[in-house]
Amino acid sequence: MTAIPLGVPRRLVEFTIDGEEARVPEGSTVLDACRAAGKDIPTLCHGDTLTPKNACRVCMVEVEGSRTLVPACSRKAEPGMTVRTDTERARHSRKLVLELLASSVDLSTTPQVAAWLKEYEAKPDRFGPEAARLNEEPRIDNDLYVRDYDKCILCYKCVDACGDQWQNTFAISVAGRGFDARIAVEHDAPLTDSACVYCGNCIEVCPTGALSFKSEFDMRAAGTWDESQQTQTTTVCAYCGVGCNLTLHVQDNEIVKVTSPHDNPVTHGNLCIKGRFGYQHVQNRG
Amino acid sequence: MDLHFGDSKPTDDERAAVDALLGPPESSWEGADRSDADLRWARGGREARDRRDLLLPGLHAINDRIGWISEGALDYLCRRLTVPPAEAYGVATFYAMFSVKPRPATVLHVCTDLACAAAGAQELSAGVEAGLGPGVHVERSPCLGLCERAPAALAIKAGDPVRTAVCAPATVRDAVLAATSPDSAPEEPPAVMAVPQAGSPDLVLLRRVGVVDPSSLDDYRAHGGYTALRRAFELGPAGVIREVTDSGLVGRGGAAFPTGRKWQATASQPDHPHYVVCNADESEPGTFKDRVLMEGDPYALVEAMTVAAYATGAHRGYLYLRGEYPRALRRLEHAIAQARARGLLGDDVLGQGYAFDIEIRRGAGAYICGEETALFNSIEGYRGEPRSKPPFPVEKGLFGKPTVENNVETLVNVLPILTMGAPAYAAIGTATSTGPKLFCVSGSVDRPGIYELPFGATLGELLELAGVRERLRAVLLGGAAGGFVRPDETDIPLTFEGTRAAGTTLGSGVVLAFDDTVPLPRLLLRIAEFFRDESCGQCVPCRVGTVRQEEALHRIVERTGAAAADDIALLREVGRAMRDASICGLGQTAWNAVESAIDRLGAYE
Ligand code: SF4
Ligand code: SF4
Ligand code: SF4
Ligand code: FES
Ligand code: FES
């Protein structure tokens, strides 16, 4: 007899989104509910397998009775809530947050953001030519990956992925505070002097390209990076017996980077240095 | 956890500073020399990790001894506490009083905030910088909580022990002297000097300041000390909460939440242990009332925390004291030790079989740590970043456990509630703002200081008492997070409902008066700079918004009318998003004061 594991049945929470009835299992976030209802809410710091830090504040919605707007990505749906996703107030706040972000960091490699900037009519330039920006040089101190904090939106995903949520290495954290806050390793050292184990899990979760494969970084610099020409093939890592799933990104018959499917029950997107970076041998055709 | 420590070693001094706090290390796993046994035996990881909350005291220990925190020292501390160095580095760089770069052993903090700016802080810091050699690091500081004696300076000379000298009102000569030899700096005036009403029989909260000897427990008892705690034991926890609820007491820190309800909510949580946290991180520019209470009547706070703990079922309390208050720290350390020695803290408080003790935690220069959840993170050894709510502290607070958090003034109110009874207490003030209220008055007045008035007195009456000067231009109510009102609005009643009706806020009770010699645009710029500096940086609207606002204010500092209109519109848009979308009160209120100056004072017209 095959036992089919059934989860504990969850109660449904009933509330309204933009005037329509919504029912979601207890524990769902407002964002889950909105997405289920087909509402498009921008998110940047929210990640599929990490506890949302709710730091970017682009997913704000209006909840009746709340003095401020509410981050959809982390607020749990409550019975009887009245949520409005597309009011002038929510749109204003999203627009401003997008403008503030785009005026201070380089979002050119952040997927989707260009469309949101357009949709919300964000004009990051209006803060003037003197507007403070990060303006940092990319840190290239090892052969595996590059840290380009000029693109960092401080979403804390890499911190959480390196720390207790994924990797448990705790090699990176946020240092400094306010506008000067930066992702850093201990003593702001080069990566090679830090606790980093090069699992690349931080690259896996980085939503902006601030952390990227050296291969991708170099190709972008050379103008040869072309996602439309790439294929993705998910396979099994051959190094050890764990059996992690690898997704090989291939352009012109060369592996250009390796990611890992987040819905894989074994690894949830985690890899180790070999699986993530050790693909050169595949390409030794000599 | 992969722990990785670099090659840098602590100096003997650094090691001694850490060991003085934590005791000597037991094995090479936590930083001792390697012995044979260490190769086969490891112990301490989990235990040490459980004391992560000693990270902040550890950083203080190093900074106090050396003046800054080197790589070797930080790594050693991390090894002792099993904390990843990257995280500890993130914590060390969060606080303004720490430095991870070498600097001289003496740091002179010169306040450049609102009251001090109005009293000539610019000239003071310029003069001090010119007068001091390279042996002293001069730091321009946000409000030091000495506004009644502006301009103010605080010298901290690292060593064993660390030496401090407070200098206010400061002249260039005095400040230089305090920095070069803190030991021979003149004594600070007693706390009572900040209480112009001292001796008045009407005082309730300030009654003992200047009357009791702050170092003597007996004197405190002779002046009515510990009658409230005795009454609490008679009433039982539920009875205490009933009294506090009936008294109508609401939090004095600015949020005005009913204290009884908070206590009830904590007391009834099934999860244990419960904690009591006293928020003594008074950093709102213009506020100094908690300092005066703690310096002048320290046992009152110890007693009030004990009452709060008893009522809510807590056996451990944390007193989070701002790092810039050396005298309050000394007095409270002494008071807690005395109370412990005399059975008023410890396993058997007052012989009632009730256990309670208090640990002091020193802040390290971060306004944001006054936000209750940021304060929990700070105590726990993390960056002082606010947590998002819900869950609320009554359910998941310090160490994830039910926690009641009150500020000093709120707690001290509990004593008269218990001694005079809820009805008599509630008869003070107005129907919805009950009890006495402390106000910190500074700026252009003849008698700056702390005033105690029943709720309902008007702003004008308070200013009258403090001797307001001619040509008043503006009053900042509630501190940097509050709002400005005009000189013709002095009939605003000082109650929560009255200020709300007038479209402003009572906030933490700050009343900063400015006459027309104070350049308003510069003042607003200082407020904007303050928030930019103090933002924790976690969320975008606040992290970037405070910068954009400061930039806009810089652009219009010399402009008015049409020339400023575009930037004012920009300020409004940014301000609105900050108010709506920031995680915590800092970002949500950062624009209040400037907005009120534009709308009520016509600052750029
Ligand atoms: S580096 Fe990437 S993942 Fe890390 S905080 Fe910045 S944007 Fe987020
Ligand atoms: S990624 Fe690393 S752990 Fe996973 S199968 Fe490959 S070698 Fe093993
Ligand atoms: S509002 Fe400011 S201080 Fe508060 S969490 Fe956001 S960045 Fe930090
Ligand atoms: S996605 Fe919700 S705050 Fe970032
Ligand atoms: S001490 Fe300088 S403004 Fe408060």
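Model, not experiment: these values are computed from the prediction. (Residues numbered from 1 in each chain as written. Chains lettered and ligands numbered in written order. Predicted model: local features only at pLDDT ≥ 70, side-chain atom pairs only at ≥ 80, totals over all residues. Heavy atoms only, no water.)

**Comments concerning the site of ligand 2**
Part 1: Near ligand 2 you find Cys-237, Tyr-239, Cys-240, Val-242, Gly-243, Cys-244, Leu-271, Cys-272, Lys-274 and Gly-275 of chain A, and these make up its full shell.
Part 2: Of the residues in the shell around ligand 2, the class split is seven nonpolar, two polar and one charged. (Near = heavy atom within 4 Å. Nonpolar A, V, L, I, M, F, W, Y, C, P; charged D, E, K, R; others polar.)

**As for the site of ligand 3**
Part 1: For ligand 3, the set of nearby residues contains 13 residues, the closest of which are Cys-536, Gln-538, Cys-539, Cys-542 and Cys-584 of chain B.
Part 2: For the shell around ligand 3, the per-class residue count stands at eight nonpolar, five polar and no charged.

**So, the packing of aromatic side chains**
Part 1: Applying the stated criterion across every chain yields a total of 18 aromatic pairs over all chains.
Part 2: Arranged with centres 5.0 Å apart and planes meeting at 45°, the rings of Phe-213 of chain A and Phe-277 of chain A form a pair that is tilted. Linking Phe-213 of chain A in strand β9 (residues 211–213) with Phe-277 of chain A in helix α7 (residues 273–277), this pair joins segments that are 64 residues apart in sequence.
Part 3: Judged by relative accessible area, Phe-277 of chain A falls into the buried class, the value being 10%.
Part 4: Aromatic ring contacts, followed pair by pair, group Tyr-145, Tyr-198, Phe-213 and Phe-277 of chain A into a single cluster.
Part 5: Stacked on the ring of Tyr-382 of chain B, the Lys or Arg Arg-52 of chain B has its end atom at 3.9 Å from the ring centre. (Phe/Tyr/Trp six-rings, centres within 6.5 Å; stacked < 30°, edge-to-face > 60°. Helix = DSSP H or I, 4+ residues; strand = E, 2+ residues; numbered from the N terminus. Buried < 20%, exposed > 50% of the residue type's maximum accessible area, 1.4 Å probe, protein only. Lys NZ or Arg CZ within 6 Å of the ring centre and 35° of its normal.)

**Some words on the domain arrangement of chain B**
Often, the extent of an interface is quoted as the loss of accessible area upon association of its parts.
All names here are of chain B.
Part 1: The domain boundaries assigned to chain B delineate domain 1 (12–93), domain 2 (106–185), domain 3 (217–427), domain 4 (436–515) and domain 5 (520–601).
Part 2: Domain 3 and domain 5 are separated by 34 Å when their C-alpha centres are compared.
Part 3: Across the contact, twelve residues belong to domain 3 and eight residues belong to domain 5.
Part 4: Together domain 3 and domain 5 conceal approximately 760 Å² of surface at their shared face, both sides included; 72% is due to carbon and sulfur atoms.
Part 5: Together, Tyr-367, Ile-368 and Pro-386 form the three largest contributors to the area buried by domain 3 at its contact with domain 5, with a combined 59%. (Domains from an automatic or database assignment. Contact = heavy atoms within 4.5 Å. Buried area = accessible area lost by both parts, 1.4 Å probe.)

**Side note on the interface of chain A and chain B**
Part 1: Taken together, the contacts link 51 residues of chain A with 50 residues of chain B.
Part 2: Summed over both partners, the interface of chain A with chain B buries about 4100 Å², with 54% contributed by carbon and sulfur atoms.
Part 3: For chain A, the biggest contributors to the area lost against chain B are Phe-170, Arg-177 and His-187 of chain A; these three give 21% of the whole.
Part 4: Applying the counting rule to chain A against chain B returns five salt bridges.
Part 5: For the pair chain A and chain B, the number of links is 27 residue pairs in polar contact (both at pLDDT 80 or more).
Part 6: Secondary-structure elements contributing two or more residues to the side of chain A that touches chain B are α2 (88–104) and β7 (173–175) of chain A.
Part 7: Element by element, the count of residues in the side of chain A that touches chain B is highest for α2 of chain A, at eleven residues.
Part 8: Among the residues forming the side of chain A that touches chain B, the class breakdown is 25 nonpolar, 13 polar and 13 charged. (Salt bridge = Lys/Arg side-chain N within 4 Å of Asp/Glu carboxyl O. Polar contact = N/O pair within 3.5 Å; in protein donor to acceptor, adjacent residues only side chain to side chain.)

**Some points on the nonpolar core**
Part 1: Counting 192 residues, the largest nonpolar core has Tyr-95, Trp-263 and Phe-484 of chain B as the members making the most contacts within it.
Part 2: Ranked by the residues each element gives to this core, the list is headed by helix α14 (residues 298–312) of chain B, at eleven residues.
Part 3: Setting aside chain neighbours within four positions, we find Phe-484 of chain B in contact with Ala-474, Val-475, Leu-476, Phe-514, Leu-523, Leu-524, Ile-527, Ala-593, Ser-596, Ala-597, Arg-600 and Leu-601 of chain B.
Part 4: Core analysis: the second largest hydrophobic core is formed by 36 residues, Tyr-149, Cys-162, Cys-237 and Val-250 of chain A among them. (Core = buried A, V, L, I, M, F, W, Y, C linked by side-chain atoms within 4.5 Å.)

**Here's the deal with the side chain of Gln-230 of chain A**
All names here are of chain A.
Part 1: Considering the arrangement of structural elements, one finds Gln-230 in the loop between α6 (214–222) and β10 (231–236).
Part 2: With relative accessibility at 14%, the residue Gln-230 sits in the buried group.
Part 3: Among the polar contacts listed, one links the side chain of Gln-230 to the side chain of Gln-251, at a separation of 3.0 Å.
Part 4: Contact partners of Gln-230, with chain neighbours within four places excluded, come to Trp-225, His-249, Val-250, Gln-251 and Val-256.

**Quick notes on unusual backbone geometry**
A negative phi angle is the norm for most residues apart from glycine, just as the trans form is the norm for most peptide bonds.
Part 1: Of the consecutive residues Ala-150 of chain B and Pro-151 of chain B, the connecting peptide bond is found in the cis state with omega at -5°.
Part 2: Tracing the backbone shows Pro-151 of chain B in the loop between β2 (136–141) and β3 (153–157).
Part 3: Along the chain, His-272 of chain B connects to Pro-273 of chain B via a cis peptide bond; the corresponding omega equals -5°.
Part 4: With respect to the helices and strands, Pro-273 of chain B occurs in the loop between α12 (259–267) and β5 (274–280).
Part 5: In this model, Asn-168 of chain A sits at a positive phi of 60°, which is unusual for a non-glycine residue.
Part 6: Secondary-structure assignment places Asn-168 of chain A in the loop between α4 (157–162) and β7.
Part 7: Classification of Asn-168 of chain A by relative accessible area gives partly exposed; the value is 31%.
Part 8: A positive phi angle, close to 55°, is found at His-187 of chain A, a residue other than glycine.
Part 9: Structurally, the position occupied by His-187 of chain A is in the loop between β8 (182–184) and α5 (201–205).
Part 10: Residue classification places His-187 of chain A among the buried residues on the basis of a relative accessible area of 16%.

**Concerning the packing of helix α11 (residues 227–247) of chain B against α14 of chain B**
Residue and element names in this part refer to chain B.
Part 1: Relative orientation of the contacting elements α11 and α14 amounts to 25°, with a least axis distance of 8 Å. By the angle between their axes, α11 is roughly parallel relative to α14. Note on packing geometry: the crossing formed by α11 with α14 is right-handed. Contacts between α11 and α14 involve Thr-227, Ala-228, Leu-229, Ala-232, Phe-233, Gly-236, Pro-237, Val-240 and Ile-241 on the former and, on the latter, Glu-303, Thr-306, Val-307, Tyr-310 and Ala-311.
Part 2: When its residues are assigned to classes, the contact of α11 with α14 shows ten nonpolar, three polar and one charged. (Axes fitted to C-alpha atoms, helices over the stretch in contact; angles between N-to-C directions. Parallel < 35°, antiparallel > 145°, perpendicular 65-115°, else oblique. Left-handed = near helix turned anticlockwise from the far one by under 90°.)

**Observations concerning the sheet that holds strand β7 (residues 346–349) of chain B**
Residues and elements named next belong to chain B.
Part 1: Across the sheet, which stays open at both edges, the five strands sit in the order β7-β8-β6-β5-β9 with mixed pairing between neighbours. The open sheet terminates on both sides in strands that have one partner only, identified here as β7 and β9 (403–407). Here the strands of the sheet are splayed against their neighbours by 25° on average, with no regard to which way each runs.
Part 2: Both β5 and β9 contribute to a ladder of five bridges, which runs parallel. Within the sheet, the bridge partner assigned to Tyr-275 lies in β9 and is Thr-403.
Part 3: Across the face of the sheet, α12 comes into contact with β5 and β9 while running at roughly 155° to β9.
Part 4: Against the sheet, helix α17 (residues 408–420) touches β5 and β9, its axis set at about 95° to β9. (Pairing = 2+ DSSP bridges.)

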